[in-house]
Protein chains: 4
Amino acid sequence: MNMDRNRSTRRSVSSRATAGNRLETDEFTVAYVGGGSRQWVPNLVQDLALSTFGGEVRLYDPDVESAERNAAFGNWVQERDDAVGDWEYAATDDLADALDGADVVLLSTQYDPTETFVHDLDIPASYGIYGAVAATIGPGGIFRAMRTIPVYRRFAAAIREHCPDAWVFNFTNPVHFVTRALYDEFPEINAVGMCHEVLHGRDRLASLAGEHLDIDADRSDISVNVKGINHFTWIDEAYCDGVDLWPLLDELARGEEGNRAYEPADLDDASPFTDSWQVSWELYRRFGLLPLAGDRHVVEYATWFLQGGREALNRWGVKRTGSDFRAKHWTPAESDQTTDVEAWLSGEREFDLTASDEVLLDILDALAGGEPFVTNVNLPNRGQIEDLESGTVVETNALVSAGEIRPLSAGGFPRPVRSLLSTHVDTIETVIEASRDGDVDRAFQGFLLDPQVRTLQTEEARELFAELAAAEERFLDDWRLDDAATLAAADAY
Amino acid sequence: MNMDRNRSTRRSVSSRATAGNRLETDEFTVAYVGGGSRQWVPNLVQDLALSTFGGEVRLYDPDVESAERNAAFGNWVQERDDAVGDWEYAATDDLADALDGADVVLLSTQYDPTETFVHDLDIPASYGIYGAVAATIGPGGIFRAMRTIPVYRRFAAAIREHCPDAWVFNFTNPVHFVTRALYDEFPEINAVGMCHEVLHGRDRLASLAGEHLDIDADRSDISVNVKGINHFTWIDEAYCDGVDLWPLLDELARGEEGNRAYEPADLDDASPFTDSWQVSWELYRRFGLLPLAGDRHVVEYATWFLQGGREALNRWGVKRTGSDFRAKHWTPAESDQTTDVEAWLSGEREFDLTASDEVLLDILDALAGGEPFVTNVNLPNRGQIEDLESGTVVETNALVSAGEIRPLSAGGFPRPVRSLLSTHVDTIETVIEASRDGDVDRAFQGFLLDPQVRTLQTEEARELFAELAAAEERFLDDWRLDDAATLAAADAY
Amino acid sequence: MNMDRNRSTRRSVSSRATAGNRLETDEFTVAYVGGGSRQWVPNLVQDLALSTFGGEVRLYDPDVESAERNAAFGNWVQERDDAVGDWEYAATDDLADALDGADVVLLSTQYDPTETFVHDLDIPASYGIYGAVAATIGPGGIFRAMRTIPVYRRFAAAIREHCPDAWVFNFTNPVHFVTRALYDEFPEINAVGMCHEVLHGRDRLASLAGEHLDIDADRSDISVNVKGINHFTWIDEAYCDGVDLWPLLDELARGEEGNRAYEPADLDDASPFTDSWQVSWELYRRFGLLPLAGDRHVVEYATWFLQGGREALNRWGVKRTGSDFRAKHWTPAESDQTTDVEAWLSGEREFDLTASDEVLLDILDALAGGEPFVTNVNLPNRGQIEDLESGTVVETNALVSAGEIRPLSAGGFPRPVRSLLSTHVDTIETVIEASRDGDVDRAFQGFLLDPQVRTLQTEEARELFAELAAAEERFLDDWRLDDAATLAAADAY
Amino acid sequence: MNMDRNRSTRRSVSSRATAGNRLETDEFTVAYVGGGSRQWVPNLVQDLALSTFGGEVRLYDPDVESAERNAAFGNWVQERDDAVGDWEYAATDDLADALDGADVVLLSTQYDPTETFVHDLDIPASYGIYGAVAATIGPGGIFRAMRTIPVYRRFAAAIREHCPDAWVFNFTNPVHFVTRALYDEFPEINAVGMCHEVLHGRDRLASLAGEHLDIDADRSDISVNVKGINHFTWIDEAYCDGVDLWPLLDELARGEEGNRAYEPADLDDASPFTDSWQVSWELYRRFGLLPLAGDRHVVEYATWFLQGGREALNRWGVKRTGSDFRAKHWTPAESDQTTDVEAWLSGEREFDLTASDEVLLDILDALAGGEPFVTNVNLPNRGQIEDLESGTVVETNALVSAGEIRPLSAGGFPRPVRSLLSTHVDTIETVIEASRDGDVDRAFQGFLLDPQVRTLQTEEARELFAELAAAEERFLDDWRLDDAATLAAADAY
């Protein structure tokens, strides 16, 4: 019996995300794919500076100047007295160089939204589809997936070649499609899809516990049994330091808190990130489980709320993320979502070394043998959700400990909720299958299943698909657009 | 080991519909539940008269006068010289009397459509839902199911008591909901859901084979691998006397035949039963399998075609069955769908003893040891469709032979088609579960899953449900309407 | 949307065995792989001569002389006045020539039993395993599978190349392993595994119906719901022309008929094919379903009956097939199982043109558009058995009609019976998986699961495996014997 | 929507073991069912005395004198200066009194082994079945289950009535059968099956890490991915403080450590608890996963090792637990497994307050909001093992935290290992199903599936079953022994 077979046999039946030994905290190598990022990298730099870890960060970006800016920022921060960790930053435009032997790979990339995102939002809107974010599902989200999947297949292949045992954290949306593509390309990858929506939900639960039960709590005191797919996650249990929160939640759902209605004017000045939980409370009243993913995301999956345009959506306290907003935030000067690193470096703005509220460092610490840590992750289903299909990427809690990220068993769903989820899983899996050989007609089958698309006449759905494909054609080059009957003119028959 | 356990063990693992010995053709008893029916009973009378069988038909109807009219007609026909079979007809308004010891039970009942059906059509329409038939799914179809399920639970219980081994044929819509309810109430019932849509599809395939392949064929020459749920059945194989029809079908779908567009005016004089197959051809082009259930039914399940109102629906050659049509056909004088038995009896209209094109007699003949017969039936899934859930009522072919009705194994579906089907299965199963204890809120969860309903704003969906419940309240008496949060005013919280 | 994808999509979800148009009866080509067979070919020659079909039979055998003998016999028979069909026979030792464009392929091959079969029987016996036949499961059966699978993979590859649409009938044991290997190599093959055990069971049921119910019946009047894997099939329903036989069977199982005990002396003169059904009755009493596969086969799967050596086995009326019997029947002069064609040709023995009791001709007739025909077949599971795994080769009834062989849905099993079956399915599937890359250690895992093997000490099991491998080494050349830890001496560690 | 339905809906889809709020550590009530136990109660008394918790312990035992002895001991210990916790002990022979409002229920009972256990061991041995422990599976283990299940159904019913939200810990064997029976009777019970075999396995892994890798580790440093059913658990990953132990384990399995052979004489003086891991190493070499449950238990499931009697079993370093050993340990004076409480109370033996190595207190501490704790537990499968059936009781790790015990997702198995497990699951589930109405014949079907039983001739298996039933008849009173065909004389037919 040879060892290699054992390893692969064991691997194929295990539920863990990752292999390999414990991280050695004092000297490890991080490869950052998308190293020019204005939001994530500056945060990471500060978190690492405030950690006790040390090592090397390689910022990879085809736009190497952005990466160099971030590297300069990283090294500048390291020179501060309050920097605890010992880190060196370098920029590169060579993916292989960045990945070679890396212990940790972070994936966080984005196309120019003015050429992509704005189409995802505006073209469907012209068909009457008032998607709130259009980032992870619905017609725009599916096209974002179609653009991104081929790129991430290439990343997965490069990881297999250059650092197969690395821990890979994917921050890029749509997290379910993208993480699934990584595993579809390289099944033994140690990849985890990351999202902070559930963390924000736990924040809110802590604040409700404080307000209504007079418990002084923060996120770390809140334990929820979270399950679903990214941005469409649900909880069926919630505790605050062991106290069952469900009676409170049930009461809130039926009372004033859970029954607020909004006028469009109420949201005029609101950020699109505003979240009143009115969608979540309503879904709780209907289905008995509580969504925990941010109402603006949930409505793209529970699509009744998108029907009726702005007024109808606003009534639930949800404000659409317009394409202008997306475009604006691409330019740091105009955005408060990204970070104006130059202003810090030049001294124009004062810099205060501050931890983010992300959990990546907690995870790395646990992997390195520190305190075990429970958080939500996106991983292929190996039973952690009993009644969604095996292999699809689901979101549940995981226990992170020395050398391991292991999902907690979350059980299943009441049939109606499982049904809502399954339709989206079918879209995701159909598009993933189609992406294996760039089969556009098959991808269109997945598109047709989406409940936002199902509000269109059949021929309109085809036209919408064709229009999106035309607008984003240069980002879809692994897809066989020319062979696609779906894209041919209707009179082609 | 006792025999009773064996019988029940065997029964619980078998796939057959029915138990009991061969029918004895010369003397068997038929109980007709809904014996006042103006359409089915007169047809049956003639089919039986033209058969070689004999026995007794008990026409049960709470409206005993209608039943008596039909009994008189039946006995009148028997007196004709060209009546071959030897049958006696009697009417009763006592269900137990009708069922007692019956060999065959036929179920075919209907509420006054002016109090039910018209609401199923008109109320959703007032919310912008342009359902084509509203008879078996969609908001109207679900309410029809909610009205009918409790009644059929009572029929199933009566059959268990009075004739547990009888062969039961259900003709009442929605066939999937209703047949499922029979089995949910009495799992050992020998019930089969009947529908002629697939038969009409085979007629059309025969005619296409004649037209394009110059084969002189009729329905009996056509073999299809049919599968799905009633009114949303698909084929993935079709033969005409062993000749593969798929190359022809593929060619037609891409040519003129499969690409006709209609204007509303084209359908002005058309019957709502008109069927151009344009929906079917389009779905074939998208999904690679061909629906075979009548376009007017298919669009209620593949709901893209309902979007855009009359013009958009008509474009595919489908004409909506309006509530006026339904109401009119309740009155025999105005209908050509029902039969004016009185006119025949009085001699006002000439009577010509004619076989229907139903297959019931072929089935009875096969059960009695005649020629084995293959036809489509609706039965609980025991694997005949590999990838729909066990126990839900599916439609496939079955082989009928002496004493047995056994489904043929039909395989499964490509993922996108299975996904379309699964959503409807989830609606059906949720409503069935809800009906066990009259849980209206749970039924509403099933309602919310329906893709027609998903075009509404969430609060509109609730209002539509409440309005339908109010309009049909007196037909919903087994449902706990008073306990239903869903039906309470929105300000009840 | 392109046609090729549709075809493959449809194919992948269908339950049918085969594609292609109806056979044209007057001119089709049969390739016989194993054309030197002394038992099957002479039978086929006569069946074809008595049919109304015509065409060409190509007898392929590496031992071309045997094939030529059979070809000569075939052509000699055709010259007779009572030969109805119009057939020409030719022999070849070139597989490609034989298969090229064939409409029907028959597979029936065997190694010299004196070098294979005798080891399958004698080596396990020397370890105390008193297998009754050793032909299809148990240590000997598994080695037979290991010898045969690689050869049939080559046949499947050749069929894909030379006649991909042909109907393929496999008669070679172990039918489940071998048929599974054909599909594993070429998933679109139209192959059916054939076995007459169930036919003999129906013969016996007809005779019991005659004896006890005074019904004059033969096999064709008997309908059973058969299910399981080849040689371990069970029935849970039996009808004789529509009359339920179960009450009779239950009575027989409890009475004298089902409770006979035998002494070894009773079987001294019996053929190993003798079958008293005492094993079947006992299993019926224990499990409530009746095996229908011949007791001598059933005991290799329901292995309690093999414990205790000859006396214990004989007590149930089963006589072991000794290796001497196998060897003898390799020599036609000494066998009554094979056919002495030479004696016929030379006139030494009188020849009488006689139909066999095989069903192949009935199947071909139905495929060609004749009378539809129901018979048992072995096909990959697509739901015809609800609770055995998808893809494994199961035995159920199928309806054969023009251009189609479609399994009937047979339902599932009570848990204990399913458990007995599943263990064997796991052995079969493990060996098939192992055969993909000749992984002997993995095949040994399948061997270890077998209940006959589980009566051995762990180290004895390994030694038995190694001894069989050594004895049959030259028939195992696709297996990586040299890499196998299992075959290394115990002190190799 | 009413709250009750939500609660039950949520409960039915959750994977957690238990509900209810956090334990309040300073005042909680423990009901001990089997409070006269000589082994577990004295250990618990000391663990509680050394904890910081306080409350009341009610010792329930029909043999109230034993319970009173233990209560006296408990209260005596509380008077010591080194007792930290604040506990009061009382004895009762009234189950309802003991359970009423309890926060924690401990289940640990045993029949007089001289009337039960000795038969479980000796009667099968007289049929040549050399079971090593006969405690949890095999013929003796199955009878132990049959005796115990009805009693535990009554306990579950009493818990539902008197303390439905209590945390219930079951220590009674066979843990899988018994825990399954608790859930079968009361599905909402918060019950966990406990076993220390895996803990001992982690001890040994720590010691191997120390010996071979020079890591100073104890059990708490060892993390394993454990999965299976109780006493037949396997690991596919093992870490020591984040260091992957698999390369070491693989090396040991192939070297001297994993390849020791024993002579019977080597074990003459050994305790039956001796464990050389030779069985585990051999199974690792064959199947690629490592059992972690104690070789003496594993051989009852991987039954090859039991074939060949004492010598063959001893060869693997396993010594049978004889019935004399069992009987002896029932008498405290002669046992070192139980505790001579009287000797302590009388001062005859010196008493030293000592913690056990059980984990119950760690669990209670975590439930009360202390340090989260990962340990192995037995719970109904809700996906924590992907490829064993839903609902059956499986053993995996769980994360215990404030108010929650939640299994970790453990993945699945390679097919051959899953097959070994499934057979035992089928036995367990068949016996549980049979116990619902005391159906002895159905229980016998489960018995027949057991691989130890499958080494017997069919009639011997029946006789063994009947002999065990006769010997233990007075402990089987919920079983319908009189109706059982299996127990009737063979000539009863």
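Just so it is clear, the structure is predicted and the values come from calculations on it, not from any experiment. (Residues numbered from 1 in each chain as written. Chains lettered and ligands numbered in written order. Predicted model: local features only at pLDDT ≥ 70, side-chain atom pairs only at ≥ 80, totals over all residues. Heavy atoms only, no water.)

**Let's talk about the overall build of chain A**
Broken down by element type, chain A carries 18 helices and 13 strands. By the compact-globule yardstick of 23 Å for 493 residues, chain A fits well, its C-alpha radius of gyration being 22 Å. Counting only C-alpha atoms and orienting by the principal axes, one finds that chain A spans roughly 65 × 60 × 60 Å. For chain A, buried positions account for 67% of its 493 residues. Carbon and sulfur atoms provide 43% of the accessible area of chain A, an area that totals close to 15900 Å². Charged side chains of chain A number 42 positive and 89 negative; the gap between the two group centres comes to 6 Å. (Helix = DSSP H or I, 4+ residues; strand = E, 2+ residues; numbered from the N terminus. Rg over C-alpha atoms; globule rule 2.2 N^0.38 Å. Buried < 20%, exposed > 50% of the residue type's maximum accessible area, 1.4 Å probe, protein only. Areas by Shrake-Rupley, 256 points an atom, 1.4 Å probe, with all protein chains shown as cover. Lys, Arg positive; Asp, Glu negative; His and termini not counted. Charge placed at Lys NZ, Arg CZ, Asp CG, Glu CD.)

**Some details on the confidence of the model for chain A**
A residue-level look at chain A finds 92% of positions with pLDDT of 70 or above and a mean pLDDT of 91. In the model, residues 1–5 of chain A has pLDDT below 50 throughout and makes 17 contacts with residues more than four positions away in sequence or in other chains. (pLDDT = per-residue confidence, 0-100. Contact = heavy atoms within 4.5 Å.)

**Observations regarding the pattern of salt bridges**
Evaluated as defined, the whole model comprises 132 salt bridges over all chains. Across the pair Arg38 of chain A and Glu342 of chain A runs a salt bridge, and its minimum N-O distance is 3.2 Å. In this pair, Arg38 of chain A is assigned in the loop between β1 (28–33) and α2 (40–50) and Glu342 of chain A in helix α14 (residues 341–345), connecting sequence segments 304 residues apart. A salt bridge links Asp426 of chain B to Arg415 of chain A; its shortest N-O distance comes to 2.9 Å. Here Asp426 of chain B is found in helix α16 (residues 415–436), whereas its partner Arg415 of chain A is found in helix α16 (residues 415–435) on a different chain. Linked by salt bridges that have partners in common, Arg153, Arg160, Arg180, Asp184, Glu185, Glu429 and Arg436 of chain A make up one network. (Salt bridge = Lys/Arg side-chain N within 4 Å of Asp/Glu carboxyl O.)

**Digging into the side chain of Arg219 of chain B**
All names here are of chain B. Within the secondary structure, Arg219 is located in the loop between α8 (197–213) and β7 (222–229). Under the relative-accessibility criterion, Arg219 is labelled buried at 16%. Those residues in contact with Arg219, other than ones at most four positions away along the chain, are Leu199, His200, Arg202, Asp203, Ala206, Asp357 and Val359.

**What about the packing of aromatic side chains?**
Inspection of every chain in the model, using the stated rule, returns 92 aromatic pairs over all chains. Taking 5.5 Å as the distance between ring centres and 20 degrees as the angle between the ring planes, the aromatic pair formed by Phe73 of chain C and Trp344 of chain C counts as stacked. Residue Phe73 of chain C is found in helix α3 (residues 64–78), and its partner Trp344 of chain C is found in helix α14 (residues 341–345); the two are separated by 271 residues along the sequence. Among the residues examined, Trp344 of chain C registers a relative accessible area of 11% and is labelled buried. An aromatic cluster is defined as three or more aromatic residues linked by ring pairs; in this entry it consists of Phe232, Trp234, Phe287, Tyr301, Trp304, Phe305 and Trp316 of chain A. Positioned over the ring face of Trp304 of chain A is Arg454 of chain B, at 4.9 Å from the centre of the ring. A cation over an aromatic ring shows up here: Arg320 of chain C above the ring of Tyr130 of chain C, its NZ or CZ 5.0 Å from the ring centre. (Phe/Tyr/Trp six-rings, centres within 6.5 Å; stacked < 30°, edge-to-face > 60°. Lys NZ or Arg CZ within 6 Å of the ring centre and 35° of its normal.)

**What about the pairing of strand β12 (residues 393–401) of chain C?**
Along any regular strand the residues' side chains alternate between the sheet's two faces. Residue and element names in this part refer to chain C. The element β12 is largely enclosed, with a buried count of nine among its nine residues. Judged from the two bridges that link them, strand β7 (residues 222–229) and β12 form a sheet pairing that is antiparallel. Bridged to Lys227 within β12 is Thr396. Here strand β11 (residues 373–380) pairs with β12 via eight bridges, running antiparallel. (Pairing = 2+ DSSP bridges.)

**Quick notes on the environment of Arg442 of chain C**
Locating Arg442 of chain C in the fold gives a position in helix α17 (residues 440–449). For the pair formed by Arg442 of chain C and Val431 of chain C, sequence separation is eleven residues and the distance between their alpha carbons is 7.1 Å. Setting aside residues no more than four positions away along its own chain, Arg442 of chain C makes contact with Thr430, Glu433 and Ala434 of chain C together with Pro416 of chain D.

**Comments concerning unusual backbone geometry**
Each neighbour pair has its own omega, and for Asn173 of chain A with Pro174 of chain A the value is -5 degrees, a cis peptide bond. One can find Pro174 of chain A in the loop between β5 (167–170) and α7 (175–185). Even without glycine at this site, Asp241 of chain B takes up a positive phi of about 50 degrees. Examined against the element boundaries, Asp241 of chain B turns out to sit in the loop between β8 (232–240) and β9 (243–244). Residue classification places Asp241 of chain B among the partly exposed residues on the basis of a relative accessible area of 34%. Although it is not a glycine, Asp214 of chain D adopts a positive phi angle of roughly 60 degrees. With respect to the helices and strands, Asp214 of chain D occurs in the loop between α8 (197–213) and β7 (222–229). Taking the relative accessible area as the measure of exposure, Asp214 of chain D reaches 72% and is therefore exposed.

**Some words on a negative patch on the surface**
All names here are of chain A. On the surface, a cluster of negative charge is contributed by Asp63, Glu65, Glu68, Asp93, Asp94, Asp97 and Asp100. Considering the arrangement of structural elements, one finds Asp94 in the loop between β3 (86–92) and α4 (95–99). By relative accessible area, Asp94 is classed as partly exposed at 31%. (Patch = residues over 30% accessible without salt bridge, like charges linked within 9 Å, V, L, I, M, F, W, Y side chains within 5 Å.)

**What to know about helix α15 (residues 360–367) of chain D**
Residues and elements named next belong to chain D. For α15, the buried fraction is high: six of the eight residues fall into the buried class. Taken together, the buried positions of α15 are occupied by Leu360, Leu361, Ile363, Leu364, Ala366 and Leu367. Immediately downstream of α15, the backbone of Gly369 shows phi near 100 degrees, a positive value.

**Quick look at the packing of helix α17 (residues 440–449) of chain D against helix α18 (residues 458–471) of chain D**
All names here are of chain D. Their axes nearest at 11 Å, the elements α17 and α18 cross at an angle of 125 degrees. One finds that α17 runs oblique with respect to α18. α18 is crossed by α17, and the crossing has right-handed handedness. Contact residues: Val440, Phe444, Phe447 and Leu448 in α17; Ala461, Arg462, Leu464, Phe465 and Leu468 in α18. (Axes fitted to C-alpha atoms, helices over the stretch in contact; angles between N-to-C directions. Parallel < 35°, antiparallel > 145°, perpendicular 65-115°, else oblique. Left-handed = near helix turned anticlockwise from the far one by under 90°.)

**Notes on the packing of helix α16 (residues 415–436) of chain C against α17 of chain D**
Where α16 of chain C contacts α17 of chain D, the axes come no closer than 10 Å and their chain directions differ by 10 degrees. In terms of orientation, α16 of chain C lies roughly parallel with respect to α17 of chain D. For the pair α16 of chain C and α17 of chain D, contact is made by Pro416, Ser419 and Leu420 of chain C and by Arg442, Gln445 and Leu449 of chain D, respectively. Among the residues making up the contact of α16 of chain C with α17 of chain D, the classes are represented as three nonpolar, two polar and one charged. (Nonpolar A, V, L, I, M, F, W, Y, C, P; charged D, E, K, R; others polar.)

**A short note on helix α10 (residues 278–287) of chain A**
For α10 of chain A, a buried count of ten out of ten residues is recorded, marking the element as mostly surrounded by other parts of the structure. In the segment just after α10 of chain A, Gly288 of chain A is the residue with positive phi, at about 85 degrees.

**Observations concerning the pairing of strand β4 (residues 104–107) of chain B**
Residues and elements named next belong to chain B. Along β4, one buried face is formed by Val104 and Leu106 and the opposite face, lined by Val105 and Leu107, is buried too. Sheet topology note: the strand β1 (residues 28–33)/β4 ladder contains four bridges and is parallel. Considered in β4, the bridge of Val33 is made with Leu107.

**Some words on the side chain of Thr486 of chain C**
Following the sequence through the fold, Thr486 of chain C ends up in the segment after α18 (458–471). Take Thr486 of chain C: its relative accessible area is 1%, and that puts it in the buried class. With residues up to four places along the chain from it excluded, the contact list for Thr486 of chain C reads Asp441, Phe444, Arg462 and Phe465 of chain C together with Arg286 of chain D.

**So, the environment of Val431 of chain B**
Residues and elements named next belong to chain B. Tracing the chain through its elements places Val431 in helix α16. Judged by relative accessible area, Val431 falls into the buried class, the value being 0%. Sequence-wise, Val431 and Ala443 are twelve residues apart; in three dimensions their C-alpha atoms are separated by 4.7 Å.

**Regarding the environment of Val151 of chain A**
Within the secondary structure layout, Val151 of chain A lies in helix α6 (residues 138–162). With 85 residues separating them in the primary sequence, Val151 of chain A and Ser66 of chain A have C-alpha atoms 20 Å apart.

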